Structure formats: C-alpha cells, structure tokens
Amino acid sequence: MLDTEWPDSWRAAFRIELRAEAIGLAWRGWPVIPGTYPDSETSAAAGAPGEPPNGPWVKPAPAHGDWQRRLGAHPQQVAAWWTGRPYSLLVATGVTVDAVEVDDHVGRRAAVLLRATGQPAPIVAMPNGRWLFLTGVADRLPTALAETEGIEWHGEGSWIPLPPTPFQHGVVHWRVKPDVWGWRLPRAEVVHDVLVRACAGSPTAPVGADTHPALSAGTSAA
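Nothing here was measured: the structure is a model prediction, and the numbers come from that model.

Trainee: A description of the sheet that holds strand S4 (residues 88-92) should follow, citing residues and the corresponding values.
Mentor: What the 3 strands build is an open sheet, ordered S1-S4-S9; its pairing is antiparallel. Either end of the sheet is taken by a strand with one partner, and the two such strands are strand S1 (32-35) and strand S9 (159-161). Looking at each pair of strands side by side, their axes are set apart by 35 degrees on average, direction ignored. Both S1 and S4 contribute to a ladder of 4 bridges, which runs antiparallel. Residue pairing in the sheet places Val 32 in a bridge with Val 91 of S4.

Trainee: Give me the sheet that holds strand S7 (residues 130-135): which residues, what numbers.
Mentor: The antiparallel open sheet is built from 5 strands, whose spatial order is S8-S5-S7-S6-S12. Both outer strands of the open sheet, strand S8 (152-154) and strand S12 (173-176), are each paired with one neighbouring strand and no more. Adjacent strand axes in the sheet meet at a mean angle of 25 degrees, parallel and antiparallel pairs treated alike. Two strands pair when backbone bridges link them, and strand S5 (residues 98-103) and S7 are joined in this way by 6 bridges, in the antiparallel orientation. From the neighbouring strand, Val 100 faces S7, where its bridge partner is Phe 133. Against the sheet, helix H3 (residues 104-117) contacts S5, strand S6 (123-125), S7 and S12, and its axis sits at roughly 40 degrees relative to S7. Here helix H5 (residues 188-199) sits on the sheet in contact with S5 and S7, set at roughly 145 degrees to S7.

Trainee: Kindly report on unusual backbone geometry, identifying the contributing residues and their values.
Mentor: Geometrically, the link from Pro 163 to Pro 164 is a cis peptide bond, its omega value of 0 degrees lying close to zero. Within the secondary structure, Pro 164 sits in the loop between S9 and strand S10 (166-167). In this model, Trp 183 sits at a positive phi of 60 degrees, which is unusual for a non-glycine residue. Along the chain, the position of Trp 183 falls in the loop between S12 and H5.

Cut-offs used in this document
- Residues numbered from 1 in each chain as written.
- Predicted model: local features only at pLDDT ≥ 70, side-chain atom pairs only at ≥ 80, totals over all residues.
- Heavy atoms only, no water.
- Pairing = 2+ DSSP bridges.
- Helix = DSSP H or I, 4+ residues; strand = E, 2+ residues; numbered from the N terminus.
- Axes fitted to C-alpha atoms, helices over the stretch in contact; angles between N-to-C directions.
- Contact = heavy atoms within 4.5 Å.

Right under this line is the structure:
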C-alpha cells in the first residue's frame, strides 16, 4: 500500500525506481509519458509544476496537456522528466502497444486460457481491481468485447499506467512481465479472442490460485 506518511528517503527511492523503469521502457521504444500521482498533502493528483491538481484521485492521467507531442522522447529526456518528481509511469497506447482493461474476474479466466494455449501476453494488475492485457496495436475491438460492460480498450489517444505507478491505496504491478516473453507483444486478435471466451464465463480460476505459469518465473503476484 502506498503510505502518504513515507519518510522522504523512501519517497526518493520510489522515485528512482519509477525513473529507472521509465528509462528502460523508453530505450525499448515504448512511448513513455509522465503521469499524475497521489499528493500526500492534498490527497489529490499532483501534476506538472504550476499546474493544478486534477481533482480527487481516481487513477493517473498525463501530467502535461501536450503529452501527445512528447511521444517518442529520447531516454535522456525521459530521465530528466523523472528527476525530482515521482511521476506515475504512463505509456501512450495506439503507437507501439494497445491494452484491454477488464475486471479481475475476467482477467483471471483469460489468464487461465492464455496458460492453456501457451500464448504470451504481458498482464498488469492495478490496485483498483482492474487488469490490463497488453497487445500489439489494433484498429478495432471485436463487437463482443466492445458491447460488454466493464471492458475498456486503450488504443489511439489513450494511455495505461505501468509498474510501479502508485495509486492512492496501492501500486500497479505485473502479473506477467514482458521480459518473461522476450518483450514480444502478442497479436491483438489473439488476446481479443481469449478475452471473448473469458467473458463467456469459462474457465473459472480457483480463488487464490496462480493464473499463469509465468507467475512462478519472475512476476509479481497481488
């Protein structure tokens, strides 16, 4: 849990970790952008210097209004952004990576299906109980998913938080890390098909069970 009473030394270490992860993603060509973060004094989202908080904290958003112009920044620029401020780590979607956001019940079922088929897919879990399935870029979401309540597609013009982005009451973490699969993003249609099947309700993951073999190979569990 993210404790707003952390000592300054812990906050500095956490900022360094965010910075290191952001630089690493930028070197791999992922479109990294700084995001808002829980502010210990206002409990609202703190953004860029001179900019007001964006209201009660729900989840991170780009810290700068011109974030789309910042896509593709050199890793040195990314390093400079995270110097002095613990920005959330966001990645713009629709450029290199897309993501489908689902609730944890669908997420667990989809992870079981991916395990059964042996399909590689980086998976992110957020403290708000939502999961992100990362894919290659797609031009649309299947109707079966688009019409399902609780499913959100992050494509062009959107963004997703990646670990170790802080929420008000927790930290974003990997359920399946991309390095487990050699940083290969799966084709969107493959993961979409798995999610359609997961939304149909089968299979159901046992409560507390590992939902992917990669969880025992260097991933973080909730």
